[in-house]
Every structure is written in C-alpha cells, then in structure tokens.
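If you want the building blocks of each chain, they are given just below.
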Amino acid sequence: MRFNNLNGKVRFFLLDLFGRSHIQNVLNNLRTEQYLPYEVLTQMSRSKLNYLFEIAKKSVPFYRKFKSYEELPALNKETVRKDLKNFISTSYPNSIFEKCTSGSTGKPLTYFVTSNTRSYLWAFIILSWEVAGYKIGDKVAFVAGSALLNFKSSFKHFIFYKLLNVDAYSAFSLSENDIEQYLNRLVKRKTKFIYGYASALDIMATHINNNSNFDTTYLKGIICTSEMLTETMRENIKRAFKVDVFNQYGCNEGGVSSFECEFHQLHIINTRCYYEIDGVGQLLATDLSNEGFILLKYETGDLVELSENKSCACKRKFPIIKNVIGRSRDIVTDINNKSLHASFFHYLLSNEKSIKQFQVLFNHEAISLYLNVDNGKKNIDYYEKYINELKKHLIFNKYNLYINSPFLNSTNAKHRHIINTDI
Ligand SMILES: [Zn+2]
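Residues numbered from 1 in each chain as written. Predicted model: local features only at pLDDT ≥ 70, side-chain atom pairs only at ≥ 80, totals over all residues. Heavy atoms only, no water.

Draft legend 1. Summary view of the pattern of salt bridges. Inspection of every chain in the model, using the stated rule, returns 16 salt bridges. One salt bridge connects Glu-262 with Arg-316, and the closest N-O pair in it is separated by 2.9 Å. Here Glu-262 is found in the loop between strand 8 (256–260) and strand 9 (266–268), whereas its partner Arg-316 is found in the loop between strand 12 (298–306) and strand 13 (320–327), with 54 residues between them in sequence. We classify Glu-262 as partly exposed; its relative accessible area is 37%. One network of salt bridges, with partners in common, ties together Lys-139, Asp-167 and Arg-189. (Salt bridge = Lys/Arg side-chain N within 4 Å of Asp/Glu carboxyl O. Helix = DSSP H or I, 4+ residues; strand = E, 2+ residues; numbered from the N terminus. Buried < 20%, exposed > 50% of the residue type's maximum accessible area, 1.4 Å probe, protein only.)

In structure tokens form, the structure reads like this:
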C-alpha cells in the first residue's frame, strides 16, 4: 500500500477508521480550546468532572457509597489492581480496550480505555508535535521502547503507524553501530521530527557531538517524552541535532497530558484531566475522557509543582506546570531513613560536563553511583569528590563508584536514575 501522497484530511479519515477513533475531531477541539480564557477552561474541567462523578456514582461499583468528589480518598494503583471490575462502568455502552502502564517505576498496572480516551491521547501527541511545526503526513521517527511502539498486536497498528508516517527506532539497541545506522536512516527518509525517550535521544546526541556530522537539512524539531528531560540533556540534544527540543509530560491512566509551547512552558490539557496536588506535592489526576473505566483522584506517583502564571506569551490558556520534580519513587533513602530526591543528583552532577548520564543503586546497606563519562576522562579519582559529597548528605555502610560500567536497564528501555535494589 502507498500512503505517501495522501493529504492530511484523508490520512485522518483513514486513521480514525482503522483506529476506531475520532482523533481529528478531538484535535480540532483542542486547537480551539487551548486559546479559550483560563476561567472558561477551569469551568469546563470542573463541569466534566461533575458529569463523570455522576456516572461513577450510578454505574461504577467502587464509587457507589460516595456523595461527592471531595470526600473521595486518593486512589492508588494497589486498590485498582485488587479488583479491576470495581472501576468499570456498567452503563458504558461501547467496547473498552485493555492497556498497561509501562512499569518503569514498579509493577505495571492494567487498566482500560475507551475509543474517546485513545483519541485524546493521539490528539494530544499530535498537538504537541504541531508546536514544533509538524503537519499531518510529515515523516516522524519514534525512538522508544515498548511503551510507545506497540507493533506486536496487529496489522491495524501497522497501518496506523504507516498512515501517521512514523518509523520506529528501538531504544533498546543503542550501540555506536546502531546509532550510525539510525542516523543514516533518519537522513535517507528525510525525517522531519523525532519523538522519543529523552535518555535515548541524549545518547544519540552524544554520539553525534563526539563523532559525526549529522545532516540536519530535513529535521525540524524534536519532542521528548516519557522520561525526565534535564537541561543538560536538552542542550546536548539541541547541539547535536541543531533544532529546538520540546518536552512532554503525561500519565495516560490519569489522563494527564501536558506539552511544551514555543516558549517552553509546559501546558496541561485541563479539558482532558481534572487534577490537584496532595500534601506531599504529588499530582492526583482524573481522566475526564474515560467514561468506561473510571479512576477518580488517581495517584500519579509524580511530584509536580504548578505555576501561578495564568498567561503565557504563546497565548494558550491551558494551566502551566512549573516543574515536574520527578517520580516519587525516584527517592534515595539512607540507613537513617533520610530521603533525597533524584533532583539532588541532577543538581550535584549538572556542572560536570564530562558526565553524560548517571544512575544510583541503593539498598539497606550500600549506595552505588554509576557515572557514564567522556572516554577521555575515565580517571576514577577525579569523580571521588561526588562520593565525598554524597557522604555529607546520606549515610550508608558502603559507598561505591563505577565509571562507564553498564547501567541497569528496565524492561521497557527507559532509563531510571534511581533504583532501590531491595524492592
Ligand atoms: Zn505557552
């Protein structure tokens, strides 16, 4: 089948036909909604929540006993996992589809989405690409693991990606040789946008910055997703690919979808998601697009800081997330139960340009700092200063430092900065 000459409208029509979705419709709505007044958007969000709560109270077993959203407890993964049926709406007339969280931070969670939820997810992704200049039909490269590349399932998926004009590059294979092949393929296919895991793109960028001259004639923008994008990583990626780099942050089971605008402010789509921040700074979210499997006030596990700013130079009025501090699981706890968040390590190591990536492994006894550094600077003594710094903040019986040893990989190719090996 040849898809190259299809125009945007036909592509969307076919995408929605094959995906049993209405992405085009949702995308059109989002394009308009993003410029509505802040108060109108907040009101829309609350009205959708009230509507969803009424459905939940009547048709979802877990919520029968509750009278208002306010009295609901925060919902954690364990409660959902215990009995999935408890959260399925008995009045939802259409099919629901099984999905699974990526499991990069603990045990994966099975949940269900509706066709509307899927439409919102893809419309959000495309909206975030549009900030970088994307037009439907442009060649996009996905550099990702299992979370984004779900090819196993069917011919339908294959067609879906073909229609979106997406090429897949595995974030599992990132040897120097693989990267060279990827770079050649990106140029040969005249790839305009790259969408992928921040850590994988950072590794590719380092390769380019050290070794090769990547031809950036066709490339227009890069959108990072699924992982923390530090400023050091963003600069590294920008320098290599010579295009602007945009971040994205989402939590699909909570309906959280936020994207960076031209001014690099992270706007959260509050017409898809109702949210609040709990006492410890965690984002609690409700997917307003999912009437089939209803999770209200869901604990995302992400520590998030909201911005006070109600306006942005881009004129979008979707609220702004000031800072995604990270996963609440990204925390190191020492033998005296003192905790430090991954951002401490980002901060500690950010001024050392020779450090390309890091990982901290710890348990009830020892802490190990793994550093990936420029080959020219392998001297372990030089980096001992970071262990000394660590000793001032965290108490362990043993401290280890490893230079350019392989990182512990999670099963989905996402890089984890902090790993508790006791769990
Ligand atoms: Zn903006």
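Draft legend 2. Quick peek at the sheet that holds strand 17 (residues 366–373). Spatially, 18-17-16-19 is the arrangement adopted by the four strands of the open sheet, whose pairing is mixed. Strands with a single pairing partner mark the edges of an open sheet, and in this sheet they are strand 18 (398–403) and strand 19 (418–420). Averaged over all adjacent pairs, the angle separating strand axes in this sheet is 15 degrees, with direction ignored. Pairing geometry for strand 17 and strand 18, over six bridges, is parallel. Bridged to Ile-367 within strand 18 is Tyr-399. Along the sheet, helix 11 (residues 380–393) contacts strand 16 (355–362), strand 17 and strand 18; its crossing angle with strand 18, the most-contacted strand, is approximately 145 degrees. (Pairing = 2+ DSSP bridges. Axes fitted to C-alpha atoms, helices over the stretch in contact; angles between N-to-C directions. Contact = heavy atoms within 4.5 Å.)

Draft legend 3. Molecular detail of the packing of aromatic side chains. In this structure the tally under the stated criterion is 23 aromatic pairs. Residues Phe-62 and Phe-66 carry aromatic rings whose centres are separated by 6.2 Å and whose planes lie at 40 degrees to one another, so their mutual orientation is tilted. Considering the side-chain rings of Tyr-69 and Tyr-274, the 5.4 Å spacing of their centres and the 85 degrees angle between planes classify their relative orientation as edge-to-face. With Tyr-69 in the loop between helix 3 (38–59) and helix 4 (77–82) and Tyr-274 in strand 10 (residues 273–277), this pair connects stretches of sequence that are 205 residues apart. For the pair formed by Tyr-69 and Tyr-274, the shared burial category is buried. (Phe/Tyr/Trp six-rings, centres within 6.5 Å; stacked < 30°, edge-to-face > 60°.)

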